[in-house]
Structures are given as structure tokens and as C-alpha cells.
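Per-entry structural report
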Amino acid sequence: MPKRIVIIGGGAGGTITANLLARNLYRQLVSGHVVINMITDKAEHVYQPGFLYVVFDKVRPDEIVRKQKEILDQNINLFVDPAVKIDKENKIVRTQSGKEFPYDFLVIATGSRIVPEDIPGLKEGGHWFYDMEGAKKLRQALKDFSGGRIAITVGVPHKCPVAPLEMTFMLYEYFKQKEMLDKVELFYTYPINRLHSLEPVANWAVPEFEKKGIKSETFFNMEEIDAEKKVVRSMEGSELNYDLLITVPPHKGAPVIADSGFGKDGWIPTNKKTLHNEGSDDVYVVGDTTNLPISKAGSTAHFESHIVAERISSEITEGFSETEYDGKVICFVETSFDEATYIWFNYKTPPTPVPPSKMIHWMKLGYNRLYWLSAKGIL
Ligand SMILES: Cc1cc2nc3c(=O)[nH]c(=O)nc-3n(C[C@H](O)[C@H](O)[C@H](O)COP(=O)(O)OP(=O)(O)OC[C@H]3O[C@@H](n4cnc5c(N)ncnc54)[C@H](O)[C@@H]3O)c2cc1C
């Protein structure tokens with residue numbers, strides 16, 4: 001009987017893990033001693049950081065989408081058929097079409113999703129850039145915008161913690177280039193008592209906001225939006241008027257996670273070093289769906305994928321594995337249309353943003369193109 005590896009979710013984490021496993025276990029795969037089945041819910045793979053650039057017309061939507069089949073190693077079996085139940089006791093994943101996938105090792109990489117419907121009025125009154133449709137709508141809204149207050153409001157937890165700051169800085173640059181800064185007020189809100197969840201990033205952002213005249217309010221948790229009056233109300237009791245509202249809506253994990261009893265709101269209890277689902281030694285968790293106290297980011301998913309692929313390969317070939325995740329994350333942060341900074345950090349070392357430069361911006365643009373090599377497990 002071959003060892004059966006099942007991976008749920010064909011996004012950043014699932015795809016990198018699958019491709020690395022296919023490379024590490026090539027001989028076992030072609031000889032039939034190992035089988036890798038990927039179960040995902042879409043035939044297309046989207047590079048989500050590209051949404052920021054779609055909003056500002058810097059990339060075409062089709063530049064950030066590829067067919068999942070084309071980026072997966074040919075020895076991996078791909079099933080575009082959403083998982084609806086993970087039966088941990090019997091070690092089986094069930095899909096919407098009624099198929100059953102027994103596993104010896106399971107990797108859950110179902111990511112996170114936005115739930116704008118959780119905030120009354122948000123769908124009617126707000127924009128977002130966290131999916132393709134939202135990014136395209138916002139692109140049009142910016143083209144039509146003639147002036148007034150743009151409120152940027154953020155719900156937590158959310159993926160890519162630096163994206164709302166990037167959006168704010170890019171908006172500033174957009175209106176600067178359109179010579180409209182005298183007609184536009186940028187107003188940023190954040191749920192805790194500073195501008196960002198990572199304290200060094202929050203401290204770094206303060207003078208950047210001051211230089212650009214960006215206003216802000218902290219301790220602002222979106223409660224409801226009155227789309228008619230164009231007002232956002234916060235749980236803390238304040239009201240913010242807007243002419244254009246750009247939000248980072250609240251996030252949850254995939255419904256299959258909560259439906260299978262893995263974790264409230266889709267966040268799975270995960271061992272911070274081994275990346276096992278707590279209490280299991282054959283279920284691993286990668287990417288946004290973990291409950292780890294680190295950024296939900298593509299780079300996190302990437303580094304975690306290397307650990308999980310190494311662990312499973314070693315467990316199959318050697319019978320044990322000691323590889324552990326150190327919490328490493330790297331994020332580039334666009335600070336305009338031609339400059340960026342970056343941060344790296346792990347469980348022990350906090351981030352230190354460096355002064356923005358054109359070179360870092362070009363590195364970010366370069367990575368945007370190289371992502372597909374990263375997804376293939378080559379980079
Ligand atoms: C606007 C924006 C900007 C960003 N910028 C950056 C950045 O600059 N740097 C960075 O590192 N990260 C960035 N990110 C975050 C990054 O895209 C995510 O953190 C990363 O994609 C997480 O990988 P994942 O594999 O956990 O989830 P995903 O890549 O979202 O993949 C999850 C997959 O699971 C599938 N799935 C869900 N439910 C099921 C089911 N029931 N059955 C089967 N399949 C299922 C989904 O369709 C999806 O394909 C950004 C994200 C956004 C939205």
C-alpha cells in the first residue's frame with residue numbers, strides 16, 4: 001500500500017508544499033510507493049499580492065492568474081472539488097462530489113477568506129481590494145473619485161498585515177500624480193492603540209503619515225456602515241464620515257475547517273515549531289489557516305511549506321524528522337509607486353523597517369514575477 005499524502009488547498013502554501021514533496025519524493029512517486037493528491041476548489045491560482053497593483057492599474061488582472069494544473073508537478077494528482085469534511089478519526093477527506101480520500105499524511109492549507117457580510121452595511125457602502133472583483137471595483141471608484149475624504153478602515157485578523165499601509169501610501173502617490181492632493185483627505189483607522197499590530201512597524205509609520213498629512217484614529221473597530229449617510233461607526237462609539245470607504249474586511253478560515261471541528265472561525269490550533277495540528281502527528285497545517293501568532297502572509301506560507309515538506313519527506317524516508325519552523329516572515333512594504341521598505345522577523349527577533357528605497361521597490365516587483373517559480377518550489 002503506498003503512503004498517501006493529501007493536501008487540501010491549492011493556494012500559496014498548498015502548492016509549494018505539494019511541489020516540494022514531489023521533488024523530495026520523486027523516486028517513491030514514480031515507483032508507486034507514494035501518492036500525492038491535491039484537493040482544491042478552483043482551477044485557477046491567483047497571486048493575491050497582485051490585487052494592490054490591479055487597483056492602481058499597474059498590472060492587468062490576467063497577469064496574476066495561472067492555471068493550477070500548469071504550476072503543479074505532473075506527478076501530483078489534482079482534484080478541483082472542494083473538501084467538505086475532514087474526518088480525523090478515520091483519516092479521510094470527503095469532497096463535494098462525494099469522493100473520499102484516505103490519507104497517511106494530511107496537509108491543510110485552505111487559507112483565509114474575507115467576510116464583509118459580518119459587518120452590517122459593508123457590502124453596500126464599502127470597497128476592498130482583497131479579492132479580484134473588489135480590486136477591479138475599487139480601480140473604477142478611484143478613477144471616478146473627484147475629491148473628499150477617503151477612509152481606510154481595517155478589521156483584524158487579516159492576511160498581509162502591511163497591505164493597508166501599502167494601500168494608504170499608494171493612494172497618496174496616486175493622488176499626488178493626479179495633482180489632487182489638495183482635494184483629497186486620507187483617513188486611516190486601526191483596531192488597536194497604534195497604526196500597526198507590529199510595534200516597530202507602527203512606530204515607523206507615524207512620521208511617514210505626518211510627512212504626508214495622513215490622518216488617523218486608533219482603537220477603531222468597525223461595527224456598522226451606514227451606506228446612505230456614508231458613515232462608519234466603531235465599536236468604541238465613534239463615527240467617521242467618508243466620501244469613499246476602503247476597508248480590509250474581517251477574515252475567517254474556510255468553512256470546512258469549522259464544519260469539521262478543527263477550530264473556531266477556521267483557525268486551526270497549530271504547533272508553532274512542528275506545524276502539526278495540535279494533538280495529531282499526521283495532520284500538518286500551513287499558511288493563513290493556522291492560529292499561530294504571526295503574520296498571515298504568503299512568505300509565512302512559503303517558509304512553513306518548506307518545513308512541512310521536509311518533515312513529511314523525512315518521516316517517509318527516514319522514519320523521523322527534527323526540522324522545525326522558527327517563525328520566519330519577510331514582507332516588502334510599498335511606500336509609494338517607486339519606493340519600498342521591507343521587514344523580516346521570526347518568533348524571537350522583532351522587525352526593523354529600513355529606510356524606503358527604489359531598490360527595495362524593484363525587488364518587490366521582481367518577486368511579483370518570480371512568485372510562479374516560488375509556487376513551483378524552485379525558488
Ligand atoms: C491584497 C493582498 C496583498 C497581499 N500582499 C502580500 C505580500 O506582499 N506579501 C505576502 O507575503 N503576502 C501577501 N498577501 C497574503 C498572501 O496572499 C496570503 O497570506 C497567502 O496566499 C496565504 O497562503 P495560503 O496557502 O494559506 O492561502 P491561499 O493562498 O489563500 O490558498 C488557500 C487555497 O485553499 C482553497 N480552499 C479553500 N477552501 C477549500 C476547500 N474547502 N477545499 C479545497 N480547497 C479550498 C482556496 O481556494 C485557495 O486556493 C497578500 C494578500 C492580499 C489579499
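Residues numbered from 1 in each chain as written. Predicted model: local features only at pLDDT ≥ 70, side-chain atom pairs only at ≥ 80, totals over all residues. Heavy atoms only, no water.

1. Description of the site of the ligand
Near the ligand there are 30 residues, and of these G13, D41, D288, G298 and S299 occur at the shortest range. Within the backbone of G13, a nitrogen or oxygen atom sits 2.8 Å from an oxygen atom of the ligand. Between the ligand and D288 there is a distance of 2.8 Å, counted from an oxygen atom to a backbone nitrogen or oxygen. Against a free-state accessible area of 1000 Å², the protein chains account for coverage of 91% of the ligand. Both of domain 1 (3–111 + 254–328) and domain 2 (115–250) provide at least three residues apiece to the shell around the ligand. (Near = heavy atom within 4 Å. Polar contact = N/O pair within 3.5 Å; in protein donor to acceptor, adjacent residues only side chain to side chain. Areas by Shrake-Rupley, 256 points an atom, 1.4 Å probe, with all protein chains shown as cover. Domains from an automatic or database assignment.)

2. Examining the domain arrangement of the protein
In terms of domains, the protein is made up of domain 1 (3–111 + 254–328) and domain 2 (115–250). Averaged C-alpha coordinates put domain 1 and domain 2 at centres separated by 31 Å. In this assembly, 15 residues from domain 1 lie in contact with 22 residues from domain 2. Summing the contributions of domain 1 and of domain 2, the shared interface buries around 1600 Å²; its carbon and sulfur component is 73%. When the buried surface of domain 1 facing domain 2 is broken down by residue, L52, V55 and F56 rank first, second and third, together holding 40% of it. In this structure, the connection of domain 1 to domain 2 is made through two salt bridges. On the surface where domain 1 and domain 2 come into contact, there are three residue pairs in polar contact (both at pLDDT 80 or more). (Contact = heavy atoms within 4.5 Å. Buried area = accessible area lost by both parts, 1.4 Å probe. Salt bridge = Lys/Arg side-chain N within 4 Å of Asp/Glu carboxyl O.)

3. So, unusual backbone geometry
Residue V156 is joined to P157 through a cis peptide bond whose omega torsion reads -5°. Of note, P157 is situated in the loop between β12 (148–154) and α7 (163–177). Despite not being glycine, F219 shows a phi value in the positive range, around 55°. Inspection of the secondary structure puts F219 in the loop between β14 (215–218) and β15 (222–226). (Helix = DSSP H or I, 4+ residues; strand = E, 2+ residues; numbered from the N terminus.)

4. Section: the packing of aromatic side chains
Applying the stated rule across the entire model yields 14 aromatic pairs. On the basis of an interplanar angle of 65° and a centroid distance of 4.8 Å, the ring pair of F79 and F101 is categorised as edge-to-face. Taken together, the residues span a long stretch of sequence, with F79 in strand β5 (residues 77–80) and F101 in strand β8 (residues 100–102) at a distance of 22 residues. You can call F79 partly exposed: its relative accessible area is 23%. For F101, a relative accessible area of 5% puts it in the buried group. Within the aromatic cluster, the residues linked to one another by ring pairs are F56, F145, Y174, F175 and F337. Positioned above the aromatic ring of F337 is the side chain of K58, whose terminal nitrogen or guanidinium carbon lies 4.1 Å from the ring centre. Taking NZ or CZ as reference, K296 lies 4.3 Å from the ring centre of W267, over its face. (Phe/Tyr/Trp six-rings, centres within 6.5 Å; stacked < 30°, edge-to-face > 60°. Buried < 20%, exposed > 50% of the residue type's maximum accessible area, 1.4 Å probe, protein only. Lys NZ or Arg CZ within 6 Å of the ring centre and 35° of its normal.)

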